[in-house]
Amino acid sequence: MKTTLPKHEPAGSVVATNERLDSTVRWTIASLSLSMLLSSLGTSIANVGLPTLAHSFNASFQQVQWVVLAYLLAITTLIVSVGRLGDVIGRRRLLLAGISLFTLASVLCAVAPTLWLLIAARAVQGLGAAIMMALTMAFVGEAVPKEKTGSAMGLLGTMSAVGTALGPTLGGVMIGSFGWRSIFFINLPLGLLTLVLTYRFLPVDRPTSNTNRARFDHLGTFLLALTLAAYALAMTIGRGNFGAINVALIFVAVFGLGLFVFAEKKAASPLIRMAMFRNPLLSGGFAMSTLVTAVVMATLVVGPFYLSGALGLDAAHVGLVMSSGPIVAALTGVPAGRVVDKFGAHSMSIAGLISMLVGASILPMLPTTFGIPGYIVPLVVITAGYALFQAANNTAVMTNIQADQRGVISGMLNLSRNLGLITGASLMGAVFAIGSGTSNMMTASPNAVASGMRLTFAVAAVLIAIALYIAYLSHSLAPSDSDSAQQTK
């Protein structure tokens, strides 16, 4: 972000101008951080309210879980499309619309008289969250100086972790004090604050002539949404038990993906340019993001069963131990971003992956006699490595790309993480069940649960090793900056 001043401008005026620019950048990052915090908070705060919702609406767990699934499905299905839409119509105006939609849908959730209206409002809230997630990272490349990109990405990662960690605690306190509707009403003041800051400090969209304005790919959007919805449903319904419906949805997803690729090759203004996957930094970044988030999901899926079943902890202590991961991610996000700015994205991606590999390799080797420290220490190593990798990988992917592709690439980066979380929940849950030798974890013996944990993290270590190989390969095959930018056109 540079400003050209006349040569006769007094030195004091130059300093004042630079201070105003720094202040604007700080407020810009603050508005983007709040946007990321809100969308992440929306993911986790509803989980703690599911038992209360089941009681309030006299519904089963299978019914109330759609309060969470509707939100996640909307984000996963639409995040790439809304990122591209921001590239076409203007990111600032779409982000303002997304924040407004998220805030309004939160109020609708709070006043919903029936469960299915609540689920519908959560889907709309997920659309708003998809816009917020996709465009916050896209704005970093536009509104933040290049030398501060890593720090900004690290802060966004911190806010995402804070939102995820804060959700269950804040939700539990608010439900206990004010009822379940308060967990949605809390988004009203936060959403309005985010809206005001975004309107005030984000740069205005540059006008684009009708001749240069890209057309929106409606067919590609529909096919991609259908494909992602089928895959996400296949991974989430049945709670890891693959039946006929899951298999049919996988076939729909595969068929939809084939149709999508064919349609994109024929489209005049495609939603996703297939040529971008020829850039190893982009395709490698997406693949690594999916792999490592699947590993992170393993800690969330397997951790509670291991801590309660193998170590014998009660629910309160399980929650306390599990919170150490998000807390570490929140504390290390900003320092990780600064390290990326100083030492470079590629080397820090490698360092983060090595840290994750060390943690995932140590965890299955430690006997249960090590107790809580034997779980927390490897978990801290894994989470700190993930925070460093995330800041570095986001910086690498979002640097040196065409301005009119930032939204869709940011959307795909978020999509890769969502797919990793969804796939990890299903895949790692299945691996854990195989290692334990039973599908009923509530009746499994402590030794069986420990065996399941060891197999799960052995597989996790393999996934991280694959990500390390991809990091090496993508960097060695990476084109020059100019070639990289050309391949996204």
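Rules used in this analysis
Residues numbered from 1 in each chain as written. Predicted model: local features only at pLDDT ≥ 70, side-chain atom pairs only at ≥ 80, totals over all residues. Heavy atoms only, no water. Patch = residues over 30% accessible without salt bridge, like charges linked within 9 Å, V, L, I, M, F, W, Y side chains within 5 Å. Areas by Shrake-Rupley, 256 points an atom, 1.4 Å probe, with all protein chains shown as cover. Salt bridge = Lys/Arg side-chain N within 4 Å of Asp/Glu carboxyl O. Helix = DSSP H or I, 4+ residues; strand = E, 2+ residues; numbered from the N terminus. Buried < 20%, exposed > 50% of the residue type's maximum accessible area, 1.4 Å probe, protein only. Core = buried A, V, L, I, M, F, W, Y, C linked by side-chain atoms within 4.5 Å. Contact = heavy atoms within 4.5 Å. 1 Å grid on protein atoms, 1.4 Å probe; cavity = no way out; pocket = protein on both sides within 12 Å on 5 of 7 lines; lining within 4 Å. Points joined across faces, edges and corners; volume = space filled by probe spheres on them. Nonpolar A, V, L, I, M, F, W, Y, C, P; charged D, E, K, R; others polar. Polar contact = N/O pair within 3.5 Å; in protein donor to acceptor, adjacent residues only side chain to side chain. Axes fitted to C-alpha atoms, helices over the stretch in contact; angles between N-to-C directions. Parallel < 35°, antiparallel > 145°, perpendicular 65-115°, else oblique. pLDDT = per-residue confidence, 0-100. Expected span 1.5 Å × (residues − 1). Bend = angle between axes of the 7 residues up to and from the residue. Phe/Tyr/Trp six-rings, centres within 6.5 Å; stacked < 30°, edge-to-face > 60°.

### Things to note about a nonpolar patch on the surface
Piece 1. There is a patch of nonpolar side chains on the surface, built from Leu104, Leu108, Val111 and Phe185 and spanning about 360 Å² of accessible area.
Piece 2. No other element matches helix α5 (residues 91-111), which puts three residues into the nonpolar patch.
Piece 3. For Val111, a relative accessible area of 46% corresponds to the partly exposed category.

### Brief notes about the nonpolar core
Piece 1. Judged by nonpolar contacts, the single largest core of 53 residues is most densely connected at Ile79, Val80, Leu95, Ile272 and Ile409.
Piece 2. Ranked by the residues each element gives to this core, the list is headed by helix α6 (residues 115-143), at ten residues.
Piece 3. The contact partners of Val80, leaving out residues within four places of it in the chain, are Leu224, Leu271, Ile272, Val408, Gly411, Met412 and Leu415.
Piece 4. Among the nonpolar cores identified, the runner-up in size contains 40 residues, and Val302, Leu307, Tyr386 and Phe432 belong to it.

### Re the environment of Ile75
Piece 1. For Ile75, the position within the fold is in helix α4 (residues 66-89).
Piece 2. Taking the relative accessible area as the measure of exposure, Ile75 reaches 1% and is therefore buried.
Piece 3. Placed 49 residues apart in sequence, Ile75 and Val124 show a C-alpha to C-alpha distance of 9.7 Å.

### Thoughts on the layout of surface pockets
Piece 1. By volume, the second largest pocket amounts to about 560 Å³.
Piece 2. Along the wall of the second largest pocket there are 21 residues; nearest its centre are Leu228, Leu257, Met412, Leu415 and Leu419.
Piece 3. Taken together, the elements giving at least two residues each to the lining of the second largest pocket come down to α10 (218-236), α11 (244-266), α12 (280-310) and α17 (406-436).
Piece 4. For the lining of the second largest pocket, the class distribution of residues is 16 nonpolar, five polar and no charged.

### Re the side chain of Arg417
Piece 1. Assignment of secondary structure puts Arg417 in helix α17.
Piece 2. A polar contact of 3.3 Å, which involves the side chain of Arg417, links it to the side chain of Asn394.
Piece 3. Of the polar contacts made by the side chain of Arg417, one reaches the side chain of Asn414; its length is 2.8 Å.
Piece 4. Apart from the residues within four sequence positions on either side, Arg417 is in contact with Met137, Ser289, Thr293, Tyr386, Gln390 and Asn394.

### Details of the packing of α10 against α17
Piece 1. Between α10 and α17, the shortest axis-to-axis distance is 8 Å and the interhelical angle comes to 30°. Between α10 and α17, the interaxial angle falls into the category roughly parallel. Residue-level inspection shows Leu228, Tyr231, Ala232, Met235 and Thr236 of α10 in contact with α17, the latter providing Leu415, Leu419, Ile422, Thr423 and Ser426.
Piece 2. Looking at the contact of α10 with α17 residue by residue, the classes come out as seven nonpolar, three polar and no charged.

### Structural notes on the confidence of the model for the chain
Piece 1. On average, residues of the chain score 81 in pLDDT, and 87% of them are at 70 or above.
Piece 2. The least confident element of the chain, judged by mean pLDDT, is helix α19 (residues 481-487) at 46; the most confident is α5 at 93.
Piece 3. Segment residues 1-9 is flagged for pLDDT under 50; beyond a separation of four residues in sequence, or across chains, it makes nine contacts in the model.
Piece 4. Low pLDDT, under 50, characterises residues 13-18; the stretch is placed with four contacts to residues that sit more than four places away or in other chains.

### Some points on α4
Piece 1. The end-to-end C-alpha distance of α4, which contains 24 residues, comes to 32 Å, matching closely the 34 Å that a straight helix rising 1.5 Å per residue would cover.
Piece 2. By the largest-angle criterion, Leu78 marks the main kink of α4, which is about 50°.
Piece 3. In terms of residue burial, α4 counts as a mostly covered element, since 19 of its 24 residues are buried.
Piece 4. Positive backbone phi, at 115°, marks Gly90, one or two positions downstream of α4.

### Let's talk about unusual backbone geometry
Piece 1. If you check the backbone angles, Asn58 has positive phi at about 55° while not being a glycine.
Piece 2. Inspection of the secondary structure assignment puts Asn58 in the loop between α2 (50-56) and α3 (61-64).

### Focus: the side chain of Ser35
Piece 1. Locating Ser35 in the fold gives a position in helix α1 (residues 11-44).
Piece 2. With a relative accessible area of 1%, Ser35 lands in the buried category.
Piece 3. Excluding residues within four positions of it along the chain, Ser35 makes contact with Leu95, Met132, Thr136 and Thr194.

### A closer look at the packing of aromatic side chains
Piece 1. Counted by the stated rule, this structure contains five aromatic pairs.
Piece 2. Ring centres of Trp27 and Phe201 lie 5.4 Å apart, and the angle between their planes is 10°; this geometry places the pair in the stacked category. Taken as a pair, Trp27 in helix α1 and Phe201 in helix α9 (residues 187-201) lie far apart in primary sequence, 174 residues in all.
Piece 3. By relative accessible area, Trp27 is classed as partly exposed at 40%.

### As for the environment of Ser361
Piece 1. Assignment of secondary structure puts Ser361 in helix α15 (residues 345-362).
Piece 2. Judged by relative accessible area, Ser361 falls into the partly exposed class, the value being 26%.
Piece 3. Within the structure, the side chain of Ser361 is placed 2.7 Å from the backbone oxygen of Leu357, a separation counted as a polar contact.

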